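# What the coordinates show
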Amino acid sequence: MDLEPPVRALLDQYRAMAGAGLSLDDMPTLRGMVRLPDLSDGPVDGVAISDTEIDGVPVRLYRPAGRGDLPLHLYFHGGGFVVGSALSGDLDGLLSRRALDAACLVASVEYRLAPEHRFPAGVNDCYTALTGLTADPGRHGIALDAVTVGGSSSGGNFAAAVSLMTRDLGGPALALQLLEIAGTDLTKTSNAWRNPRPEHDTSRETDLAMVDLYLSSLAERAHPYASPLFAPDLEGLAPAYFMNAEFDPRRDECEAYAARLRDAGVQAVSRTLPGHVHGSMSLPDWQPARDWRAEANTVLAAVNKAALAGEAVELPA
């Protein structure tokens, strides 16, 4: 397939960074050069942005004005477990729009990054933010009947892992896990990873090098809270809506995880959006990327509405 120019330019950017000789041993330089895309619409009017701390974990809140108790959507940013920040402002446009469109309080978690803080530090921070926010719903105006989690790339991995943790540890009930270009298998053994394509954003070897900055051993690659695909029991998890890029090698593992969830009786929808590569849903001015973001917000809004009404969640096919 001939990718559209903005997507081809994104792939060229990935390759230019890979060819620049950046060392994974030089985290300050890497973090200074790798930033999350700055969405063109910027912060949205009518949404208040504030920073707080939940049980020691920094969190940025996006709250639509003039509302009472709201659904809570906990969001985890991407960045390969080693880069990115909830507090940088890079996500203010994306998440203030999500808060407005889905009529919810969005909480973006500033979790600890590897390699300084290895597994399970980051995912534990995400779970701590979830339990801390829901333990005091009155303070933040949270409607406990409609709590959801979501994230992209490594943040999608965290969202899937937190969904497992909240079931295993007796945490708050979740109405949805919204998983965008998520990594669910940190062994990287799917067919796509073993058979690279020109449209892939990275190689198996490079991605595993990032993974091994996050994990401390080969055995941890298959830990359920690192690779949710390998969780032995998936019963009782929240409904899952996967949004996958057509040319993302992570698509295979997401489709496999969705199939395992359905086999366990969990409602799971796996959507593949054509023409996309890993991360292209964040391109600011490309219409298919805008459509992706609108779809995610529409699904979240529908789930919030059903959960608040006490109705069963029915994900769109």
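No experiment lies behind these values; they were computed from the predicted model shown. (Residues numbered from 1 in each chain as written. Predicted model: local features only at pLDDT ≥ 70, side-chain atom pairs only at ≥ 80, totals over all residues. Heavy atoms only, no water.)

### A short note on the environment of Thr202
To keep things clear, this is the line we draw: Put simply, DSSP H or I for four residues or longer makes a helix, DSSP E for two residues or longer makes a strand, and each gets a number counted from the N terminus. Throughout, exposure labels follow a simple rule: accessible area from a 1.4 Å probe, protein chains only, divided by the maximum for the residue type, with under 20% read as buried, over 50% as exposed, and the rest as partly exposed. We call two residues in contact whenever any of their non-hydrogen atoms come within 4.5 Å of each other.
Structurally, Thr202 can be placed in the loop between α7 (191-194) and α8 (204-214). Among the residues examined, Thr202 registers a relative accessible area of 18% and is labelled buried. Separated by 28 residues in sequence, Thr202 and Phe230 have C-alpha atoms that sit 23 Å apart. Excluding residues within four positions of it along the chain, Thr202 makes contact with Trp193, Asp207 and Arg250.

### Overview of the side chain of Thr134
As a reminder of what qualifies: Whenever a nitrogen or oxygen atom comes within 3.5 Å of another N or O atom, the pair is scored as a polar contact, on the condition that within protein one atom can donate a hydrogen and the other can accept it, and that pairs from neighbouring residues in sequence are kept only if both atoms are in side chains.
If you trace the backbone, Thr134 turns up in helix α4 (residues 121-135). Under the relative-accessibility criterion, Thr134 is labelled buried at 11%. A polar atom in the side chain of Thr134 sits 2.8 Å from the backbone oxygen of Leu130. Among the polar contacts listed, one links the side chain of Thr134 to the backbone oxygen of Thr131, at a separation of 3.3 Å. Contacts of Thr134, omitting those with residues within four sequence positions, involve Leu72, Leu144, Val147 and Pro172.

### Side note on the pairing of strand β2 (residues 57-64)
Rule in force here: Think of it this way: DSSP has to see at least two bridges between two strands before they count as a pair.
Burial of β2 is extensive: six of the eight residues sit out of reach of the surface. Direction of pairing for strand β1 (residues 47-54) relative to β2: antiparallel, over a ladder of eight bridges. By the bridge assignment for β2, Ala48 is matched with Arg63. Counting the residues between successive antiparallel strands, the hairpin from β1 to β2 contains two residues, one of them, Asp55, with a positive phi of roughly 50 degrees. In the sheet, β2 pairs with strand β4 (residues 105-109) via four bridges, with the strands oriented antiparallel. Note on β4: the bridge partner recorded for Arg60 is Ser108.

### Some details on the pattern of salt bridges
As a reminder, the rule being used: Definition used for salt bridges: Asp or Glu carboxyl oxygen within 4 Å of a side-chain nitrogen of Lys or Arg.
Within this structure, the stated rule accounts for 15 salt bridges. A salt bridge links Asp207 to Arg250; its shortest N-O distance comes to 3.4 Å. Pair noted here: Asp207 is in helix α8 and Arg250 is in the loop between β7 (240-245) and α9 (251-263), with a separation of 43 residues, a long-range link. When the shortest N-O distance is used, the salt bridge between Arg271 and Glu295 registers 2.7 Å. Linking Arg271 in strand β8 (residues 268-273) with Glu295 in helix α10 (residues 287-308), this pair joins segments that are 24 residues apart in sequence. Take Arg271: its relative accessible area is 26%, and that puts it in the partly exposed class. Taking the relative accessible area as the measure of exposure, Glu295 reaches 18% and is therefore buried. Salt bridges sharing partners connect three or more residues here, namely Lys188, Asp201, Asp207, Asp248 and Arg250.

### Overview of the sheet that holds β2
Note on sheets: strands pair through backbone hydrogen bonds, and any given pair is parallel or antiparallel. The test is simple: Axes here refer to lines fitted to C-alpha atoms; in helices the fit is confined to the stretch in contact. Angles between the N-to-C directions go from 0 to 180 degrees.
Taken in spatial order, the eight strands line up as β1-β2-β4-β3-β5-β6-β7-β8 in an open sheet, and their pairing is mixed. The strands lining the two open edges of the sheet, one partner per strand, are β1 and β8. Going from strand to strand, the sheet's axes swing by 20 degrees on average, the running direction of each strand aside. As judged from the four bridges shared by strand β6 (residues 176-180) and β7, these two strands associate in the parallel manner. Paired with Gln177 across the bridge in β7 is Ala240. α4 rests against β1, β2, β3 (70-76), β4 and β5 (142-152) of the sheet, and its axis sits at about 165 degrees to β3.

### So, the UniProt feature "domain: Alpha/beta hydrolase fold-3" (unreviewed entry) in the chain
We apply this condition: UniProt positions are given in the numbering used here, feature names are shortened, and annotations may be inferred rather than shown by experiment.
Listed under "domain: Alpha/beta hydrolase fold-3" (unreviewed entry) in the UniProt record, and renumbered for this structure, are residues 74-280. The distance separating the terminal C-alpha atoms of residues 74-280 is 22 Å; by composition the span is 35% helix and 17% strand.

### Overview of the packing of α4 against helix α6 (residues 154-168)
So the rule is basically this: Here roughly perpendicular refers to angles of 65 to 115 degrees, roughly parallel to angles under 35, roughly antiparallel to angles over 145, and oblique to all remaining angles. Crossings are sorted by hand: turned counterclockwise from the far helix by less than a right angle, the near helix makes the crossing left-handed, and turned clockwise it makes it right-handed. Here the nonpolar group is Ala, Val, Leu, Ile, Met, Phe, Trp, Tyr, Cys and Pro; Asp, Glu, Lys and Arg are the charged ones; every other residue, Gly included, is treated as polar.
Between α4 and α6, the least distance of the axes is 10 Å, while the angle of their chain directions is 60 degrees. Taken together, the axes of α4 and α6 lie oblique to each other. Seen along the crossing, α4 lies across α6 with a hand that is right-handed. For the pair formed by α4 and α6, the contact residues are Gly122, Val123, Asn124, Cys126, Tyr127 and Leu130 on the first element and Phe158, Ala161, Val162, Met165 and Thr166 on the second. In terms of residue class, the contact of α4 with α6 is built from eight nonpolar, three polar and no charged.

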